[in-house]
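Okay, here's what each chain looks like letter by letter:
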Amino acid sequence: MDGSVIRGRIPVAKTFRFEVGGFECVSISDGYQPIGAELLRRFFAGAPLHELHQAFRKHGIEPEYMDLACNCLLIDTGACRVLVDTGGGPFFDPHLGNLVPGLQAEGINPQDINIVVLSHGHRDHVGGCIDRNGGQAFPNARYVMARGEWEHWTNEPDETALDANTSRELSFVRDNLLAIEDRLHLLETDAEIVHGIRVFSAPGHTRHHVAVEATSQNKHLICVADAMDHPIHVEHVSWHAEWDELAEQGIETRRNLLMRAVGRAALVHAYHFPFPGVGFVREDAAGWCFESLKPGNSI
Ligand SMILES: [Zn+2]
């Protein structure tokens, strides 16, 4: 990854429990990705530099370096345990791969997961489908993914058109996805996958990126995955990661998700927001901002 810095810190298993109506939820840190100065700026394409530095100061970010959190989400409906994204797994990045120890720290074994939703095919979201021995990380789980996203990552690429990095990334993702092929349910369109949990299209970051909404007792949780990468994107909706596949559509998706969250007083879970990445979107005259959920609070 361009501009990344390895600082040699060892990530620890971190979890954050909260409730949404009758659903028990846990945000589980898979670890973090070290982001150096150049890459950090590229998370905010379209930002005037002085405004970006102001935003960094407000959020306590050094312009030279940031730990990019990776937070998986478990939703236990009582009837079904649904995991959203599998983290980077054992092979992608030494700072990632803490999902399973995190689950175990909460008394949940990999065998207990019934459904895994994959928001999109990037390595930090699908790398944990296989374990260190190449076996199933979640042996009893069915997987849910958008058909277009699956096809994008598993179709045979034209290798001659790819640079070495892209080729490595593609084969990493394909290895993980093909390992779960026989347990996969591909979504053609938005769908309720189990009672109270809906997967819906949220395109932009990738063309077929999905978000998840959990609803219990009229309380809502919207898992936005990578539709926004940092609370700064809540305040500055039009700043976007340079690698968002469809940047304009991604901005529209972000705006829609934020309006939906405010309109339903929903909790938001965001994969890359500082751990635990759970909170509310607040709206005032200045616009939107993200307010973290305090430990012990639920809705
Ligand atoms: Zn990501």
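Residues numbered from 1 in each chain as written. Predicted model: local features only at pLDDT ≥ 70, side-chain atom pairs only at ≥ 80, totals over all residues. Heavy atoms only, no water.

### Focus: the sheet that holds strand β8 (residues 191-194)
In step 1: Taken together, seven strands build an open sheet; the order of strands is β8-β9-β10-β11-β12-β13-β14 and the sheet is mixed. The sheet is open, and its two edges are formed by β8 and β14 (287-292), each paired on a single side. Direction aside, neighbouring strands of the sheet carry axes that sit 30° apart on average.
In step 2: Two elements, strand β12 (residues 267-270) and strand β13 (residues 278-284), share three bridges in a ladder whose sense is antiparallel. Residue His269 lies in a different strand from β13, and its bridge partner there is Val278. (Pairing = 2+ DSSP bridges. Helix = DSSP H or I, 4+ residues; strand = E, 2+ residues; numbered from the N terminus. Axes fitted to C-alpha atoms, helices over the stretch in contact; angles between N-to-C directions.)

### Thoughts on the pattern of salt bridges
In step 1: A full pass over the atoms with the stated rule returns 13 salt bridges.
In step 2: Here Glu291 ties to Arg282 by a salt bridge, and the two come within 3.2 Å at their closest N and O atoms.
In step 3: What emerges from the salt-bridge pattern is a single network uniting Arg17, Glu24 and Glu106. (Salt bridge = Lys/Arg side-chain N within 4 Å of Asp/Glu carboxyl O.)

### Digging into the coordination of the zinc ion
In step 1: Protein-derived ligands of the zinc ion are Asp124 (OD), His125 (NE2), Asp226 (OD) and His272 (NE2), with the metal-ligand distances lying across 2.1 to 2.5 Å.
In step 2: Its four donor atoms give the zinc ion angles of 84 to 172° at the centre, a pattern that matches the irregular case. (Donors = N, O, S within 2.8 Å, 3.2 Å for Na, K, Ca; no water. Tetrahedral: all angles 85-135°; square planar, octahedral: opposite > 155°, others 65-115°.)

### Quick word on the confidence of the model for the protein
In step 1: Averaged over every residue, the pLDDT of the protein is 93; residues scoring 70 or more account for 96%.
In step 2: Predicted confidence is poor over residues 1-9, with pLDDT under 50, and the contacts of this stretch with residues over four places away or in other chains come to 25 contacts. (pLDDT = per-residue confidence, 0-100. Contact = heavy atoms within 4.5 Å.)

### With respect to the environment of Asp93
In step 1: Inspection of the secondary structure assignment puts Asp93 in the loop between β4 (81-84) and α3 (99-105).
In step 2: Residue classification places Asp93 among the buried residues on the basis of a relative accessible area of 12%.
In step 3: Sequence separation between Asp93 and Val237 is 144 residues; the distance between their C-alpha atoms is 29 Å.
In step 4: Each residue touching Asp93, except ones within four places of it in the same chain, is listed here: Tyr32, Gln33 and Pro34.
In step 5: For Asp93, the side chain forms a polar contact with the side chain of His95, separated by 2.7 Å. (Buried < 20%, exposed > 50% of the residue type's maximum accessible area, 1.4 Å probe, protein only. Polar contact = N/O pair within 3.5 Å; in protein donor to acceptor, adjacent residues only side chain to side chain.)

### Here we look at the packing of aromatic side chains
In step 1: All chains considered together, the criterion is met by six aromatic pairs.
In step 2: With a centroid separation of 5.8 Å and an interplanar angle of 70°, the aromatic rings of Phe44 and Phe56 are classed as edge-to-face. Of this pair, Phe44 sits in the loop between α1 (37-42) and α2 (49-58) while Phe56 sits in helix α2, and the two are twelve residues apart along the sequence.
In step 3: Look at Phe92 and Phe172: their rings are 5.9 Å apart centre to centre, the planes differ by 50°, and that puts the pair in the tilted class. Of the two residues, Phe92 is situated in the loop between β4 and α3 and Phe172 in helix α6 (residues 164-178); the sequence distance between them amounts to 80 residues.
In step 4: On the basis of relative accessibility, which here comes to 16%, the residue Phe172 falls in the buried class.
In step 5: Among the aromatic residues, ring-to-ring pairing joins Phe43, Phe44, Phe56 and Trp243 into one connected group. (Phe/Tyr/Trp six-rings, centres within 6.5 Å; stacked < 30°, edge-to-face > 60°.)

### Here we look at the packing of helix α5 (residues 147-154) against α6
In step 1: Direction vectors running N to C along α5 and α6 enclose 125°, while the axes themselves pass 9 Å from each other. In terms of orientation, α5 lies oblique with respect to α6. Of the residues in α6, those in contact with Trp150, Trp153 and Thr154 of α5 are Glu169, Leu170, Val173, Arg174, Leu177 and Leu178.
In step 2: Broken down by class, the residue content of the contact of α5 with α6 amounts to six nonpolar, one polar and two charged. (Parallel < 35°, antiparallel > 145°, perpendicular 65-115°, else oblique. Nonpolar A, V, L, I, M, F, W, Y, C, P; charged D, E, K, R; others polar.)

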